[in-house]
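Here is what each chain is made of, one letter per residue.
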Amino acid sequence: MTVRVRIAPSPTGNLHIGTARTAVFNWLFARHHGGQFILRVEDTDTERSRPEFTDNITAGLEWLGLTWDEGPFFQSQRLDLYRQAIQTLLDHGLAYRAYDTSAELEAMRTAQKAKKQAPRYDNRHRHLTDDQQRAFEAEGRQAVIRFKIADDRTVQWHDLVRGAMTWQGSDLGGDMVIARASSVDSIGQPLYNLAVVVDDQDMDITHVIRGEDHIANTAKQILLYEALGGTVPQFAHTPLILNPSGQKLSKRDGVTSISDFQKMGFTAPALANYMTLLGWSPPDSEELFTLEAAAPQFSFDRVNKAGAKFDWDKLDWLNSQYLHDRPASELVEMLVPYWQAAGYDFDLEVDRDWLTVLAGLLGPSLTRLSDAVEQGRFFFAEVMDYSEAATKQLRQDGVAELLTATLGQLQAGASLESLEAVKALVSDVVKAQGIKKGLMMKSMRAALMGDMQGPDLTESWLILHQRQFDLPRLKKAVELAQS
RNA sequence: GGUGCUGUAGGCAAAUUGGUAAAGCCGUCGAUCUUUCAAGUCGAUGUUUGUGGGUUCAACUCCCAUCAGCACUGCCA
């Protein structure tokens, strides 16, 4: 039997990192076993589901490289299937209509809480007589459909991550609602637990891999599988991703959606790599890998049981590792959108080579792609402001002369076609002025960059020279040095 | 309140069936390289596996108790 797994996001928000990590594990497991990875959009909640979220989710999965083999399927298009299943349960006496109003249910729960009892449906409508039913209908009440859960039933399964799991029927909250309220001659909107089981069965899902917040649902779903006469898949409940205080990472924790990470300048391979490391550890302890490389090694034996706190430092480090490895030609493609968004002045067509060199210069010092905005800022404008430290440097003894001499060479048409030429010019000035190279370099850094730190000076100078920004900057620096 | 799950250094984690705990990574600190920053390289730092018992020659691994955290407890998914 081939492995078939699925990711079943609900389009009630953008692709969340928790969902994405679950998708990663599913994808890895499918790839490892040469199985299929299916995308199913769980949009049975028509109130909260939105098409733009579906778009965000599919785009995010694609961006991460989590390509699916089948789908996307939409639950909203499969309602007949669910209604048939519900009808079957009704016909077999495994489900029934309950006429409780929300006020009645609320009153029941508050009473239970007051008595320090666990809130649960007390199955009060499980054995309604025909007369009672007609009476409720006469009142104009609608009915939900509840699936019977026997209190004395014990549900057990072997979880691929957690091992033996046991759940008592009485702890499942009473007979569960599987269809929303509707008039008695119809079946209302099917609910999550029912739809999931029908779909997983219909799609021949062999392994259900999801977050551990679904453990209680699993017990309920197993009962539904049995009632519907299908084989029960295997389950793997993965640990949750936690915030710094140890709670399930949620929207309240700030950045949690994949598209946000993307905007912030994280690369897909680094993010995917990091998500894989959250809860799983590779057998060879090599922590830098692609999803493709991880797949052959992936198994639930090495998935941790405890939740994992999200760590920005490590994500940053992973991202920087990917960035430092990228060739300039590849890097420039990733950086250009950020420079464009920042409104920097360049023409992609004519400046491509120049931009590529710049990307190569900045690459090794980038942590996030967005860092290229700040780090690249002064390459895109003819002149810039001078920092305090730079100004101080420019006003040191001998600096005005040194800059004037350099300026003179440039104006005399000194050619700066290569790094060697720049270096030659530097040593010429150093020799002629009888100064230390350090003073020359620091002063030129101050003059050209307006700051005392930044990327390699020689390379930066060459890049600036290609845009003819070095001359005006030098002029301005001389003025500053003499003031 | 109930049920379930989890508990190894600041974070992620490793440790085949009990057999020298903390490998590896991030972080932090330092050194080094360099015109600077970052990167890189090298080195240092963390201390007994939530706690208390028990079984055993031997326990992170097994048993009991206890504490804490988290998750779930919807006509959301």
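1. Thoughts on the sheet that holds strand 4 (residues 95-98)
As summarised here, the arrangement of the 3 strands in space is 4-5-8, forming an open sheet in which the pairing is antiparallel. In the strand order of this sheet, the two ends are held by strand 4 and strand 8 (176-182), each with one partner. Pairs of neighbouring strands in the sheet enclose a mean axial angle of 25°, with direction left out of account. Seen against the sheet, helix 3 (residues 79-91) touches strand 4, strand 5 (143-147) and strand 8 and runs at an angle of roughly 95° to strand 4.

2. Details of the domain arrangement of chain A
It is common to give the size of an interface as the accessible area that goes away when the parts come together. Taken domain by domain, chain A comprises domain 1 (80-194), domain 2 (328-380) and domain 3 (388-482). Placing the centre of domain 1 and that of domain 2 at their C-alpha centroids yields a distance of 59 Å.

3. Some words on the pairing of strand 7 (residues 163-168)
Sheet topology note: the strand 6 (residues 154-159)/strand 7 ladder contains 6 bridges and is antiparallel. Bridging across to strand 7, His 158 finds its partner in Ala 164.

4. Digging into the protein's contact with RNA strand B
Lining the immediate surroundings of RNA strand B are 59 residues, of which Asp 45, Arg 48, Lys 116, Arg 180 and Lys 248 lie closest. Here the atoms of RNA strand B within 4 Å of the protein split so that 70% fall in sugar or phosphate, with bases taking the remainder. In the environment of RNA strand B, a phosphate oxygen lies 2.7 Å from a nitrogen or oxygen atom belonging to the side chain of Lys 248. Among the secondary structure elements, those contributing two or more residues to the surface near RNA strand B are helix 4 (102-114), strand 5, strand 7, strand 8, helix 7 (215-227), strand 12 (308-309), helix 11 (312-325) and helix 18 (437-449). Here the residues of the surface near RNA strand B sort into 22 nonpolar, 14 polar and 23 charged.

5. As for helix 3
Between its first and last C-alpha atoms helix 3 spans 18 Å; for 13 residues at 1.5 Å apiece the expected length is 18 Å, and the two agree. Buried residues of helix 3: Leu 79, Tyr 82, Ala 85, Ile 86, Leu 89 and Leu 90, and no others. With its buried residues spanning 145° around the axis, helix 3 presents them on a single face. The outward face of helix 3, more than 90 degrees from its buried face, is lined by the exposed residues Asp 80, Gln 84 and Asp 91. Structurally, helix 3 contributes buried residues whose contacts are with strand 4, strand 5, strand 8, helix 6 (192-202) and helix 7. A positive backbone phi angle near 70° is found at Gly 93, which sits one or two residues after helix 3.

6. Looking at the nonpolar core
One finds Trp 339, Leu 358, Phe 379, Phe 380, Leu 394 and Leu 403 to be the most contacted residues of the largest nonpolar core, which totals 55 residues. Two domains share this core, each providing at least three of its residues, namely domain 2 (328-380) and domain 3 (388-482). With sequence-adjacent residues up to four places away left out, Phe 380 is seen in contact with Trp 339, Tyr 344, Asp 345, Phe 346, Trp 354, Leu 355, Leu 358, Arg 467 and Phe 469.

7. Topic: the environment of His 32
Note on placement: His 32 falls in helix 1 (residues 17-32). As for His 32 and Glu 292, which are separated by 260 residues in sequence, their C-alpha atoms are 9.3 Å apart. In contact with His 32, not counting residues within four places along its chain, are Ala 295, Pro 296, Gln 297 and Phe 298.

8. Re the packing of aromatic side chains
For the structure on display, the rule yields 18 aromatic pairs. Ring geometry for Phe 261 versus Trp 312: centroids 5.4 Å apart, planes at 25°, classification stacked. With Phe 261 in helix 8 (residues 258-263) and Trp 312 in helix 11, this pair connects stretches of sequence that are 51 residues apart. Taken together, the ring pairs in this structure connect Phe 25, Phe 29, Trp 280, Phe 289, Phe 298 and Phe 300 into an aromatic cluster. One residue, Arg 146, lies across the ring of Tyr 121, its end atom 3.4 Å from the ring centre. Lying across the ring of Trp 354, Arg 467 places its NZ or CZ 4.3 Å from the centre.

9. A few points about unusual backbone geometry
Leave glycine aside and you will find that most residues have negative phi; peptide bonds, for their part, are mostly trans. Cis geometry is found at the peptide bond from Gly 71 to Pro 72, where omega equals 5°. Of note, Pro 72 is situated in strand 3 (residues 70-74). For Lys 116, which is not a glycine, the phi torsion comes out positive at approximately 60°. Along the chain, Lys 116 falls in the loop between helix 4 and helix 5 (130-138). The exposed category is assigned to Lys 116, whose relative accessible area is 80%.

10. What about the packing of helix 16 (residues 399-411) against helix 17 (residues 419-433)?
Relative orientation and spacing of two packed helices are given, respectively, by the angle between their axes and the distance between those axes. Two elements in contact, helix 16 and helix 17, have axes separated by 10 Å at closest approach and are oriented at 130°. In terms of orientation, helix 16 lies oblique with respect to helix 17. Once helix 16 is placed against helix 17, the crossing between them reads as right-handed. Residues Glu 401, Leu 402, Ala 405, Thr 406, Gln 409 and Leu 410 of helix 16 form the contact with helix 17, whose own contacting residues are Leu 425, Asp 428, Val 429 and Gln 433. Partitioning the contact of helix 16 with helix 17 into residue classes produces 5 nonpolar, 3 polar and 2 charged.

11. Here's the deal with helix 16
Between its first and last C-alpha, helix 16 extends 18 Å over 13 residues, near the 18 Å set by a 1.5 Å rise per residue. Where helix 16 is concerned, the buried positions are Val 399, Ala 400, Leu 402, Leu 403, Thr 406, Leu 407 and Leu 410. Down the axis of helix 16, the sector holding all buried residues measures 165°, keeping them to one side. Next to the buried residues of helix 16 lie helix 15 (388-394), helix 17, helix 18, helix 19 (457-466) and helix 20 (470-482). Directly after helix 16, the chain includes Gly 413, whose backbone phi takes a positive value near 90°.

12. Observations concerning the environment of Glu 479
Inspection of the secondary structure puts Glu 479 in helix 20. Overall, Glu 479 belongs to the exposed group, its relative accessible area being 56%. In this structure, the C-alpha to C-alpha distance between Glu 479 and Gly 434, residues 45 residues apart in sequence, is 22 Å.

About the thresholds
Residues numbered from 1 in each chain as written. Chains lettered and ligands numbered in written order. Predicted model: local features only at pLDDT ≥ 70, side-chain atom pairs only at ≥ 80, totals over all residues. Heavy atoms only, no water. Pairing = 2+ DSSP bridges. Helix = DSSP H or I, 4+ residues; strand = E, 2+ residues; numbered from the N terminus. Axes fitted to C-alpha atoms, helices over the stretch in contact; angles between N-to-C directions. Contact = heavy atoms within 4.5 Å. Domains from an automatic or database assignment. Near = heavy atom within 4 Å. Polar contact = N/O pair within 3.5 Å; in protein donor to acceptor, adjacent residues only side chain to side chain. Nonpolar A, V, L, I, M, F, W, Y, C, P; charged D, E, K, R; others polar. Expected span 1.5 Å × (residues − 1). Buried < 20%, exposed > 50% of the residue type's maximum accessible area, 1.4 Å probe, protein only. Arc of directions from axis to C-beta. Core = buried A, V, L, I, M, F, W, Y, C linked by side-chain atoms within 4.5 Å. Phe/Tyr/Trp six-rings, centres within 6.5 Å; stacked < 30°, edge-to-face > 60°. Lys NZ or Arg CZ within 6 Å of the ring centre and 35° of its normal. Parallel < 35°, antiparallel > 145°, perpendicular 65-115°, else oblique. Left-handed = near helix turned anticlockwise from the far one by under 90°.

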